[in-house]
Amino acid sequence: MINFSNIESPGLLVNPEIVKKNIHWVLNQVDNNPARLRPHIKTHKTREVNQLLLAAGITKFKAATIAECELLALDEAPDVLLSMQPTGTTLSRFIALGEKYPNTSFACLLDDEQAAHALNAVSNNQRVFIDLNMGMNRTGIKPADSLPLIHLIEQLPNLILSGLHAYDGHIRDVNIEDRQKHVELDFQSFYALLPQVRKDLELVVGGTPSFLVHHSNPSYVCSPGTFVFFDTGYAKLYPESSLELAVQVIGRIISIPTDHTISIDVGHKSVAPENGIDNRLQFIDHPDWKLMSQSEEHGIVEVGDSSTCQIGDIIRMFPYHICPTVALHQYLQVGDGSVWNVLARNRKITI
C-alpha cells in the first residue's frame, strides 16, 4: 500500500512494475527480438526507464534533444538516433557528444542537401538517417524526392548512410482496420523507394499508434515511445489487456468553493494543457467528475455533491497526454519513497 501522506502534490506517481510489464508487452509483439525496437525516450526522460530498457536487451534508442541523447550516453546505450536535423548550436553540441561519449554511437536525421553539407564539414564518419515525410508534413523529404539526397550522402566523405526514418504520427485512426488502410495508403511511396536503396539500411518506422500495424513486418525497426508510461489519449487506440497506465497525476483538494465544485492543486503547470479541457485528466476514483477549468496552479472540478469531499483529500488522475506532462515535473515519485529525476526535461545536462 502507498502512503499518500508522503506523496507530494501536484505530482506524478510512477509504478515501476507496470513500466516493466509495458516493456515486456512491446517486446513480445516483435517476437522478443530487441533488435527490432528503437524506443523513443521523449516520454520519460529518465535514466531509470533507460536502464529498464537496457536490462530488457534493447540497445537502440531514439531521442528528440541533445540532453536526451546525453542521458542515454550516461548509461552507455550502444546506439542513439537524434530524431532531429541538427543546425546551429545543436549541430556543434551533437558533434561534441561523440567526442565525450565514445562508447555510444550517435546518428541523426537529414532531409536537406545544405544540412548534409554542413554536417559533412564538421564530421568524421557520422552516421545519418534520411528523414522521410510520410504525410505528417512536419519534417522530412517525400520518399519520391529523396534519391538525390541519398546519393549525395553516399558520396560525401564524412557521412555514412545508415537508414531511413519513416515517422507517421498523423496516423491515429481509432479503428485498427482503418489504421492499417491508412498506413497502406500513405506508405505506397515508401514501398516504391525501398527497391532503389541498399538492402542493409535500417528502416526505422512508426510511433506508438501505428506500432500495432508495423510490428508485423520483420524488416522494420519500430520506434514507439509513449508505451513505457502510456496515457488515456493512446489507450483508446490499443486493445484491452495490452499496455497499462503507469503514471498517475496526484492532487489534493485545496478548497470547496460551492456545493457542487472543488478546487484541486493541479493547474495547467502540472498537466499538459495543449488539449481542450475535456481531454486533460481522467479521474480514477470518480469517473463522473468533470474538470471545468484550470489556471496556473488550480483546477476547478464539478463533483455533483461537494459535501462528500474534504480539504486535503487525495485525488488520483490519469493524464490524457503523458509526454508533455512529464516534462512539467522535476521528478517522478515512486511508492517506496524514492524518486526518478526527469533529468532530460532540461535542454542541457553538460553538453
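One can find the structure itself at the top, above this paragraph.
Overview of the structure. Keep in mind it's a predicted model, so treat the numbers as computed, not measured.

1. Comments concerning the packing of aromatic side chains
At step 1: For the structure on display, the rule yields six aromatic pairs.
At step 2: Taking 5.5 Å as the distance between ring centres and 80° as the angle between the ring planes, the aromatic pair formed by Phe187 and Phe190 counts as edge-to-face. Across this residue pair, the class does not change: Phe187 and Phe190 are buried.
At step 3: On the basis of an interplanar angle of 65° and a centroid distance of 5.9 Å, the ring pair of Phe283 and Trp289 is categorised as edge-to-face. Pair check on accessibility: Phe283 and Trp289 agree, each one buried.
At step 4: An aromatic cluster of three or more residues is present, and its members are Phe187, Phe190, Tyr191 and Tyr220.

2. Description of the packing of helix α5 (residues 113-122) against helix α6 (residues 147-155)
Each pair of packed helices can be described by the angle between their axes along with the distance between the axes.
At step 1: At their nearest, the axes of α5 and α6 sit 10 Å apart, and the two run at 10° to each other. Taken together, α5 and α6 sit at an angle that is classed as roughly parallel. Crossing of α5 over α6 shows right-handed handedness. Mapping the contact onto sequence places Glu113, Ala116 and His117 in α5 and Pro148, Leu149, Leu152 and Ile153 in α6.
At step 2: Here the contact of α5 with α6 is built from residues that sort into five nonpolar, one polar and one charged.

So, how was this worked out
- Residues numbered from 1 in each chain as written.
- Predicted model: local features only at pLDDT ≥ 70, side-chain atom pairs only at ≥ 80, totals over all residues.
- Heavy atoms only, no water.
- Phe/Tyr/Trp six-rings, centres within 6.5 Å; stacked < 30°, edge-to-face > 60°.
- Buried < 20%, exposed > 50% of the residue type's maximum accessible area, 1.4 Å probe, protein only.
- Axes fitted to C-alpha atoms, helices over the stretch in contact; angles between N-to-C directions.
- Helix = DSSP H or I, 4+ residues; strand = E, 2+ residues; numbered from the N terminus.
- Parallel < 35°, antiparallel > 145°, perpendicular 65-115°, else oblique.
- Left-handed = near helix turned anticlockwise from the far one by under 90°.
- Contact = heavy atoms within 4.5 Å.
- Nonpolar A, V, L, I, M, F, W, Y, C, P; charged D, E, K, R; others polar.

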